[in-house]
Amino acid sequence: MSTERPALSNVAILLGGGVREALMAQSVLRACEGATVFASADAVGSVLGLPSVGRASVFDDSPGELLRVFRRLRAGPVGTVVVPYPARYIHLAMAYFSAVPRRLVAAGAHDWVATERVPARKGLHPAEANWRLAAVASQRPVLAPGEPPSLRPPEAVRTQAIARWPAFIGSGHHPLILIPGGGGWSSHRREPSWPAERFAVVANQSMAERIVILSGAGDQHAVRETRASIAKPTLTLKLADMTVDEVAVLSELSLGVVGHDGDALHVAAAAGARVLATARKPDIPPMGDRVVTLWADDFERFPARRVLEALSRQARIDTYA
């Protein structure tokens, strides 16, 4: 089977955000064969794993980097620029003022940027909005819902991960993974979080014999509080020391993953893990066949019992599926 990259096209994809946003935009990345993708340093690892991508260029939102990308859009041989959802206003403005002839963005408050309207309805999950955007970008009709984001790490990564953490995964060990903070490689959670002690209650009362806590940017306090109340063997891992594929393998081999909307939880869902998302508006929980979203109006009043019941119920469903 050939591993060659497709020939470069005249399509550019301006992908803002991190790993979470890259996963939600997978349908667009797959549809635009040979596109040049501008992505953050966090997201570029998951972007390069897609054979449809022609070239990836790392950028951030510093003025100098934005100007560099703008000049490439304006002066390069780009005929179409696609800005997947959710998009930052600065990226939409760059697409508009670059004067690229064809500009595609998902419907929303700033769809005046677009040269073609992408049909959508209010309340669509970003991945669903991007399915529609992918159909317009590839000039194919939407005949059926698209596939949720997916990650399939190489077998070598799986082998290395099991060798790296043998006491927690492999040989019949299936830990419960907790993400008590935002779970982002670089971004930190600004929205309210479920109290750390409730994560600890779930860990202590679950059927899992071992616990893994994933710590993202700015998560130190929540992780420390959670770890202090867990009575089982517990391993704390920093996302900064892990690749996206390693988190995917760890999640796939777990009993389940409990956490907030963020990079790590979206990776777990894309890996096919059993995911329990604790969420409140305006969180965007991941999509996946084994994802259960537990919505809360007030995290302070959201009991650990709800998560434990959902975890037990999903385990029964998976057992008899």
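Above this text is the structure in question.
The notes below deal with the structure included here.

A few words now on the overall build of the protein. The helix and strand tally for the protein stands at 12 helices and 11 strands. The dimensions of the protein, computed from C-alpha atoms along their principal axes, are 60 × 45 × 40 Å. Of all intrachain contacts in the protein linking residues separated by at least 6 positions in sequence, the fraction that spans at least 24 positions is 59%. The averaged location of the 30 negative side-chain charges in the protein is 3 Å from the averaged location of its 36 positive side-chain charges.

In terms of nonpolar packing, the biggest core is built from 35 residues, with Leu214, Leu250 and Val267 touching the most fellow members. Those elements that provide at least two residues to this core are α1 (19-24), α7 (155-164), β6 (176-179), β7 (211-215), β8 (234-238), α10 (244-252), α11 (263-270) and β10 (275-279). With 6 residues, α11 is the single largest residue contributor to this core. When neighbours within four sequence positions are excluded, valine 267 is seen to be in contact with Val19, Leu23, Leu151, Trp185, Val244, Val247 and Ala248.

So, about the sheet that holds β6. Strand order in the open sheet formed by 6 strands is β8-β7-β6-β9-β10-β11, and the pairing between neighbours is parallel. Only two strands of the sheet have a single neighbouring strand rather than two, namely β8 and β11 (291-295). Pairs of neighbouring strands in the sheet enclose a mean axial angle of 20°, with direction left out of account. Pairing of β6 with strand β9 (residues 256-259) involves 4 bridges; the strand directions are parallel.

Their axes nearest at 9 Å, the elements α7 and α10 cross at an angle of 70°. Accordingly, the angle class assigned to the pair α7 and α10 is roughly perpendicular. For the pair formed by α7 and α10, the contact residues are Val157, Arg158, Ala161 and Arg164 on the first element and Asp245, Glu246, Val249 and Glu252 on the second. Its residues assigned to classes, the contact of α7 with α10 shows 3 nonpolar, no polar and 5 charged.

Our next topic: the pairing of β7. Of all 5 residues in β7, 5 are buried, a share of seventy percent or more. Here β7 shows two buried faces, one formed by Ile211, Ile213 and Ser215 and the other by Val212 and Leu214. Judged from the 3 bridges that link them, β6 and β7 form a sheet pairing that is parallel. Paired with leucine 178 across the strands is isoleucine 213, a residue of β7. Assessed by its sense of winding, the connection that carries the chain from β7 through helix α9 (residues 220-228) to β8 is right-handed.

Moving on, we get to the packing of aromatic side chains. Summed over all chains, the structure comprises 4 aromatic pairs. Each ring, one from tyrosine 96 and one from tryptophan 112, has its centre 5.1 Å from the other, and the planes form 70°; the classification is edge-to-face. Here tyrosine 96 is found in helix α5 (residues 89-97), whereas its partner tryptophan 112 is found in the loop between β5 (102-105) and α6 (126-137), with 16 residues between them in sequence. Residue tyrosine 96 is classed as partly exposed on the basis of its relative accessible area of 33%.

Pairing is parallel across the open sheet formed by 5 strands, whose spatial order is β3-β2-β1-β4-β5. The strands lining the two open edges of the sheet, one partner per strand, are β3 (55-58) and β5. Across the sheet, the mean angle separating the axes of adjacent strands is 20° when strand polarity is ignored. Where strand β4 (residues 80-83) meets β5, 4 bridges bridge the pair, whose relative direction is parallel.

Rules and cut-offs
Residues numbered from 1 in each chain as written. Predicted model: local features only at pLDDT ≥ 70, side-chain atom pairs only at ≥ 80, totals over all residues. Heavy atoms only, no water. Helix = DSSP H or I, 4+ residues; strand = E, 2+ residues; numbered from the N terminus. Contact = heavy atoms within 4.5 Å. Lys, Arg positive; Asp, Glu negative; His and termini not counted. Charge placed at Lys NZ, Arg CZ, Asp CG, Glu CD. Core = buried A, V, L, I, M, F, W, Y, C linked by side-chain atoms within 4.5 Å. Buried < 20%, exposed > 50% of the residue type's maximum accessible area, 1.4 Å probe, protein only. Pairing = 2+ DSSP bridges. Axes fitted to C-alpha atoms, helices over the stretch in contact; angles between N-to-C directions. Parallel < 35°, antiparallel > 145°, perpendicular 65-115°, else oblique. Nonpolar A, V, L, I, M, F, W, Y, C, P; charged D, E, K, R; others polar. Right-handed = clockwise from strand over helix to strand, strands pointing away. Phe/Tyr/Trp six-rings, centres within 6.5 Å; stacked < 30°, edge-to-face > 60°.

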